[in-house]
Amino acid sequence: MEKLIREVRILKIYAVVLTILCAMFFFLAFKNQPSNERFKEIDVERINIVEKDGTLKMVISNKERQHPGLVNHKELKPREREAGLIFFNSMGDECGGLVYDGNEKESGMVYSVDQRNTDQIMQLQYFEGSGKDKNRVYGLKLWDRPDDFPLEDIIKFEDSLKKLNDPAASKKAYAKLREEGKLTNERFFAGKTAAGDVGIFIRDTKGKVRLKLYVDKNNQTHIENLDESGNLVK
């Protein structure tokens, strides 16, 4: 009887060991196998695209769960952003994206390309209002941004002005930044304006329009060369 009990005990141990070995075999055999799943349809609120080390590279999201943005791997303060795609570079900064929306009052879509360490310098954009005068605007827009005033400094500057809550002081602070060449200036627009003009509009380094080549809403052609004060140069 004792011999039978001993043999049963040995058999149980053998069964447990064999089960563990089989589980380890299957785990090791399949853990490095690439996992490719195929779905005909999937509903999600947000998808994060990451590198093997977890570095965030892209977010596809609805409006509610949209990413607020990154600067030096640090998330910005929560803010309302439309649904779309947000891109991130290997330095941990947001570097562009595509956002869009539309309702009964207004519609829009913007694809942005950001300058390194700061905000957008190129946009393909479309905006439209409602009513009789829709003020529809669409085209390609370019900006110049200084290298010595990165996005982190811009955010700190704007936050400090909000805390002051002093419009006069804010105006003076922005004027000083403009004198120092630290403000962003629009340089180029090619597309359709709210006035119905379709053409190319070029600005100087101070953001002032200097050259216009366009066809107006009455199909009249224009080539206008302007001085720094906005006067026509004949």
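Above this note sits the structure.
These numbers come from a predicted model, not from an experiment.

Chemist: Hey, could you run me through the sheet that holds strand S1 (residues 46-50) in this one?
Modeler: Think of a sheet as strands paired side by side through backbone hydrogen bonds, with each pair either parallel or antiparallel. Here we have eleven strands laid out as an open sheet, ordered S1-S2-S5-S6-S7-S8-S9-S10-S11-S12-S13, and antiparallel in their pairing. One side of each edge strand has no neighbouring strand; the edge strands of this open sheet are S1 and strand S13 (221-225). Ignoring which end each strand starts from, the neighbouring axes of this sheet average 10 degrees apart. The pairing of strand S8 (residues 120-128) with strand S9 (residues 137-144) spans six bridges and is antiparallel. Each residue of the ladder has a partner; that of leucine 124, found in S9, is leucine 140.

Chemist: Could you clarify how one ought to interpret the environment of glutamine 125 in this entry?
Modeler: Relative to the elements of secondary structure, glutamine 125 occurs in strand S8. Separated by 26 residues in the primary sequence, glutamine 125 and valine 99 have C-alpha atoms spaced 9.9 Å apart. With residues up to four places along the chain from it excluded, the contact list for glutamine 125 reads Met109, Val110, Val137, Tyr138, Gly139, Lys141 and Trp143. Reaching out from glutamine 125, the side chain makes a polar contact with the side chain of glutamine 123 at a distance of 2.6 Å.

Chemist: It is not clear to me how a nonpolar patch on the surface should be interpreted in this structure. Could you clarify?
Modeler: Taken together, the side chains of Phe39, Ile42, Val44, Ile47, Ile49 and Ile60 make up a nonpolar region of the molecular surface, amounting to roughly 520 Å² of accessible area. Looking at where isoleucine 42 falls in the secondary structure, it is placed in the loop between helix H1 (2-30) and S1.

Chemist: Please explain the environment of isoleucine 47 as it appears in this structure.
Modeler: As for its placement among the helices and strands, isoleucine 47 is situated in strand S1. Among residues more than four places away in sequence, those in contact with isoleucine 47 are Met58, Val59 and Ile60.

Chemist: What is the right way to look at the layout of surface pockets in this model?
Modeler: A probe as big as a water molecule, rolled over the atoms, marks out the empty space that is left. One number sums up the size of the largest pocket: a volume of about 1200 Å³. Lining the largest pocket are 46 residues, and of these Leu76, Arg79, Asp119, Leu151 and Ile155 lie nearest its centre. Where the lining of the largest pocket is concerned, the elements lending two or more residues are strand S3 (70-71), strand S4 (74-75), strand S6 (94-102), strand S7 (107-114), S8, helix H2 (151-164) and helix H3 (167-179). Counting residues per element, the lining of the largest pocket draws most heavily on H2, which supplies nine residues. The residue inventory of the lining of the largest pocket, partitioned by class, reads 18 nonpolar, ten polar and 18 charged. Roughly 250 Å³ of volume is contained in the second largest pocket. Every residue lining the second largest pocket is counted, 14 residues in all, and those nearest its centre are Glu82, Asp101, Glu106, Ser107 and Gly108. Considering only residue class, the lining of the second largest pocket consists of five nonpolar, four polar and five charged.

Chemist: I tried to follow the nonpolar core on my own but got confused; where do I start?
Modeler: Generally speaking, a soluble globular protein has its nonpolar side chains buried in company with each other. If you look at the biggest cluster of nonpolar residues, it comprises seven residues: Phe149, Ile154, Phe157, Leu161, Ala173, Leu177 and Leu183. Elements supplying a minimum of two residues to this core: H2 and H3. For this core, the element with the most residues is H2, which contributes three residues. If we ignore the near neighbours within four places in the chain, the residues touching leucine 183 are Asp144, Pro146, Tyr174, Leu177 and Arg178. Judged by nonpolar contacts, the second largest core, of five residues, contains Leu56, Val59, Leu70 and Phe88.

Here is what the cut-offs are and how they apply
- Residues numbered from 1 in each chain as written.
- Predicted model: local features only at pLDDT ≥ 70, side-chain atom pairs only at ≥ 80, totals over all residues.
- Heavy atoms only, no water.
- Pairing = 2+ DSSP bridges.
- Helix = DSSP H or I, 4+ residues; strand = E, 2+ residues; numbered from the N terminus.
- Axes fitted to C-alpha atoms, helices over the stretch in contact; angles between N-to-C directions.
- Contact = heavy atoms within 4.5 Å.
- Polar contact = N/O pair within 3.5 Å; in protein donor to acceptor, adjacent residues only side chain to side chain.
- Patch = residues over 30% accessible without salt bridge, like charges linked within 9 Å, V, L, I, M, F, W, Y side chains within 5 Å.
- Areas by Shrake-Rupley, 256 points an atom, 1.4 Å probe, with all protein chains shown as cover.
- Salt bridge = Lys/Arg side-chain N within 4 Å of Asp/Glu carboxyl O.
- 1 Å grid on protein atoms, 1.4 Å probe; cavity = no way out; pocket = protein on both sides within 12 Å on 5 of 7 lines; lining within 4 Å.
- Points joined across faces, edges and corners; volume = space filled by probe spheres on them.
- Nonpolar A, V, L, I, M, F, W, Y, C, P; charged D, E, K, R; others polar.
- Core = buried A, V, L, I, M, F, W, Y, C linked by side-chain atoms within 4.5 Å.
- Buried < 20%, exposed > 50% of the residue type's maximum accessible area, 1.4 Å probe, protein only.

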